[in-house]
Amino acid sequence: MAEAKTKPTGVSVDAFLDEVEHPQRCADGHEVRQMMERITGEPAVMWGPSIVGFGTYHYKYASGHEGDMCRVGFSPRAAKLVLYVGGFADYEAMLERLGKYKRSKACLYLNKLADVDRAVLEEIIRCTYDAADHDGFGHGC
């Protein structure tokens, strides 16, 4: 079984965010960090080289692969602000109210925070965090 590459590190979250070259992504990264800390009550921790995560949950796939991951997180990448959220029953309905975004199965991609309704984003973060506290994801918020 391969060891998970994305795990908590001792790297400073402040230093990581301060080094983000894109000024909007840097500012949005600091704001999302404060938002996620307030919502989760957890301190920000670097997961791998580029994910700022909050809390931990254990997962196990049918294949037998298992590990730990942050309950919610984000990464201010060069092209987009990536949020690691979702996986709860009301997610699709909340996305209809969010604003401008793109998505994949496990990620939400934002050009900038100004493109979305922050109240809805906060609700999505809270529901994702709460969903990871139960028997995995998939239940309602």
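Residues numbered from 1 in each chain as written. Predicted model: local features only at pLDDT ≥ 70, side-chain atom pairs only at ≥ 80, totals over all residues. Heavy atoms only, no water.

J.: It is not clear to me how the overall build of the protein chain should be interpreted in this structure. Could you clarify?
T.: Looking only at helices and strands, the protein chain features four helices and eight strands. Relative to the 2.2 N^0.38 estimate, which gives 14 Å for 141 residues, the radius of gyration of the protein chain is 15 Å and therefore close to what a compact globule would have. Oriented by its inertia axes, the alpha-carbon framework of the protein chain measures out at about 40 × 35 × 25 Å. Within the protein chain, the proportion of its 141 residues that are buried is 43%. Counting only contacts in the protein chain whose residues sit at least 6 apart along the sequence, the fraction spanning at least 24 positions is 51%. Summing over all exposed atoms, the protein chain offers an accessible surface of approximately 7,600 Å²; the carbon and sulfur share of this is 51%. Side-chain charges in the protein chain split into 17 positive and 21 negative, and the spacing between the mean points of these groups amounts to 6 Å. (Helix = DSSP H or I, 4+ residues; strand = E, 2+ residues; numbered from the N terminus. Rg over C-alpha atoms; globule rule 2.2 N^0.38 Å. Buried < 20%, exposed > 50% of the residue type's maximum accessible area, 1.4 Å probe, protein only. Contact = heavy atoms within 4.5 Å. Areas by Shrake-Rupley, 256 points an atom, 1.4 Å probe, with all protein chains shown as cover. Lys, Arg positive; Asp, Glu negative; His and termini not counted. Charge placed at Lys NZ, Arg CZ, Asp CG, Glu CD.)

J.: Sorry if this is basic, but what is going on with the nonpolar core here?
T.: Soluble globular proteins tend to pack their nonpolar side chains together in the buried interior. Counting 31 residues, the largest nonpolar core has Val52, Phe74, Leu83, Leu108, Leu121 and Ile124 as the members making the most contacts within it. Breaking this core down by element, the ones donating at least two residues are helix 1 (13–18), helix 2 (23–40), strand 2 (51–54), strand 5 (72–76), strand 6 (81–84), helix 3 (91–98), strand 8 (108–110) and helix 4 (118–131). Sorting elements by how many residues they give to this core places helix 4 first, with seven residues. Counting 10 residues, the second-largest nonpolar core is a separate cluster that includes Tyr59, Met69, Val82 and Tyr84. (Core = buried A, V, L, I, M, F, W, Y, C linked by side-chain atoms within 4.5 Å.)

J.: Explain the environment of Gly86 here, please?
T.: Following the sequence through the fold, Gly86 ends up in the loop between strand 6 and helix 3. Looking at Gly86, the relative accessible area reads 8%, which means it is buried. Taking C-alpha positions, Gly86 is 15 Å from Tyr59, a pair spaced 27 residues apart along the chain.

J.: Looking at this structure, how should I read the UniProt feature "domain: YdhG-like" (unreviewed entry) in the protein chain?
T.: The feature "domain: YdhG-like" (unreviewed entry), as given by UniProt, occupies residues 28–126 in the numbering adopted here. Helix and strand shares over residues 28–126 are 30% and 29% respectively, and the end C-alpha atoms of the span are 18 Å apart. (UniProt positions renumbered as here; feature names shortened; annotations may be inferred.)

J.: Where do I start with the packing of aromatic side chains in this structure?
T.: How two aromatic rings sit relative to each other is given by the distance of their centres and the angle of their planes. According to the stated counting rule, one finds two aromatic pairs in the structure shown. With 6.5 Å between their ring centres and 20 degrees between their planes, Phe54 and Phe74 make a pair best called stacked. Of this pair, Phe54 sits in strand 2 while Phe74 sits in strand 5, and the two are 20 residues apart along the sequence. When its relative accessible area of 0% is taken as the criterion, Phe54 is described as buried. With a centroid separation of 5.4 Å and an interplanar angle of 65 degrees, the aromatic rings of Phe88 and Tyr91 are classed as edge-to-face. Residue Tyr91 is classed as buried on the basis of its relative accessible area, which comes to 5%. Positioned over the ring face of Tyr129 is Arg71, at 3.6 Å from the centre of the ring. (Phe/Tyr/Trp six-rings, centres within 6.5 Å; stacked < 30°, edge-to-face > 60°. Lys NZ or Arg CZ within 6 Å of the ring centre and 35° of its normal.)

J.: Got a minute to help me understand the side chain of Asp28 in this structure?
T.: Following the sequence through the fold, Asp28 ends up in helix 2. Lacking a salt bridge, the buried Asp28 has Arg118 as its closest oppositely charged neighbour, with an N-O distance of 5.0 Å. Within the structure, the side chain of Asp28 is placed 3.0 Å from the backbone nitrogen of Leu113, a separation counted as a polar contact. Here Asp28 is in contact with Leu81, Lys112 and Leu113, once residues within four sequence places are set aside. (Salt bridge = Lys/Arg side-chain N within 4 Å of Asp/Glu carboxyl O. Polar contact = N/O pair within 3.5 Å; in protein donor to acceptor, adjacent residues only side chain to side chain.)

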